[in-house]
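Here is what each chain is made of, one letter per residue.
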Amino acid sequence: MGLRTIRLIGDDILRKKSKPVDNFDHRLLKLINDMFETMYRADGVGLAAVQVGILKRLFIVDTGEKPMHFINPEIIDKGGNQLDQEGCLSVPGKLGDVERPKWIKIKAFNSDGDEFEYYAEDFEARAILHENDHLNGILYVDLVVQGGK
């Protein structure tokens, strides 16, 4: 495993749309493992491949429930509403209030290429949505609610 460099706000790659993963091989598994090591070292709860300079539709999250990875994810349902603070490893030292759905249902692939669906709510849903936004070149700072909580 190896640490990757986390790209910071202002780096043009963070604003690009990621491309689908089409090779489910040992290099993909190494990237996922490297991303977990990098995220844990930075004390984060999520990390998208684009944040380490790889324009692939892949992100990881670990909110304390269980470490998960999502490849070629698609939000298939969502509902409710929550407003809370977010931060980002690519925007160090900053926080902002962001409004997001309270729950989501997501469809994605695992590293073996098997499709799965996953239901998340509250903080876990927030983390998944935050990382999914990265795949479309969106940073949480674009969504900050003025006035907040």
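As a reminder, the structure under discussion sits directly above these lines.
In this text, all values refer to a predicted model and were calculated from it rather than measured experimentally.

Conventions used here
Residues numbered from 1 in each chain as written. Predicted model: local features only at pLDDT ≥ 70, side-chain atom pairs only at ≥ 80, totals over all residues. Heavy atoms only, no water. Helix = DSSP H or I, 4+ residues; strand = E, 2+ residues; numbered from the N terminus. Expected span 1.5 Å × (residues − 1). Buried < 20%, exposed > 50% of the residue type's maximum accessible area, 1.4 Å probe, protein only. Contact = heavy atoms within 4.5 Å. Polar contact = N/O pair within 3.5 Å; in protein donor to acceptor, adjacent residues only side chain to side chain. Core = buried A, V, L, I, M, F, W, Y, C linked by side-chain atoms within 4.5 Å. Pairing = 2+ DSSP bridges. Axes fitted to C-alpha atoms, helices over the stretch in contact; angles between N-to-C directions. Salt bridge = Lys/Arg side-chain N within 4 Å of Asp/Glu carboxyl O.

Structural notes on helix H1 (residues 26-41)
Under the 1.5 Å per step criterion, the end-to-end length of H1 is 22 Å for 16 residues, consistent within 8% with the ideal 22 Å. When we look at burial in H1, the residues that qualify are Leu28, Leu31, Ile32, Asp34, Met35, Phe36, Thr38 and Met39. Those residues of H1 hidden inside the fold are in contact with strand S1 (46-48), strand S2 (58-61) and strand S3 (68-79). Two or three places before Arg27, at the start of H1, stands the capping residue Asp25, its side-chain oxygen 3.2 Å from that residue's backbone nitrogen.

Overview of the nonpolar core
Counting residues in each nonpolar core, the largest one holds 19 residues, and the members touching the most others are Phe59, Val61, Phe70, Ile104, Ile106, Tyr118 and Ile128. Per-element accounting of this core gives the leading share, four residues, to helix H2 (residues 122-134). If we skip the residues at most four places from it in the chain, Ile106 touches Phe59, Phe70, Pro73, Glu74, Ile75, Ile76, Phe116, Glu117, Tyr118 and Ile128.

So, H2
Each full turn of the α-helix corresponds to 3.6 residues, which orients residues three or four apart in the same direction. For H2, which comprises 13 residues, the first-to-last C-alpha distance of 19 Å matches the rise-based estimate of 18 Å (1.5 Å per residue) to within 8%. For H2, the tally of buried residues reaches 11 of 13 residues, placing the bulk of the element in the interior. Looking at H2, one finds that the buried residues are Glu124, Ala125, Arg126, Ala127, Ile128, Leu129, His130, Glu131, Asn132, Asp133 and His134.

Observations concerning the sheet that holds S2
An order of S1-S2-S3-S6-S7 is seen for the five strands of this open sheet, with the pairing classed as antiparallel. Single-partner strands in this sheet number two, and they are S1 and strand S7 (115-121). For this sheet, the mean angle separating the axes of adjacent strands, direction not counted, is 35°. Bridging between strand S6 (residues 103-109) and S7 involves seven bridges; their strand directions are antiparallel. Note on S7: the bridge partner recorded for Phe109 is Glu115. Each of S1, S2 and S3 touches H1; the most contacted strand, S2, lies at about 40° to it.

Thoughts on the pattern of salt bridges
Tallied over the entire structure, the rule returns 10 salt bridges. Notably, a salt bridge pairs Lys30 with Asp34, separated by 2.9 Å at the nearest N-O pair. Pair noted here: Lys30 and Asp34 are both in helix H1, with a separation of four residues, about one helical turn. Given the relative accessible area of 43%, Lys30 is considered partly exposed. For Asp34, a relative accessible area of 2% gives the class buried. Close ionic contact of Asp122 with Lys102 constitutes a salt bridge, the shortest N to O distance being 2.3 Å.

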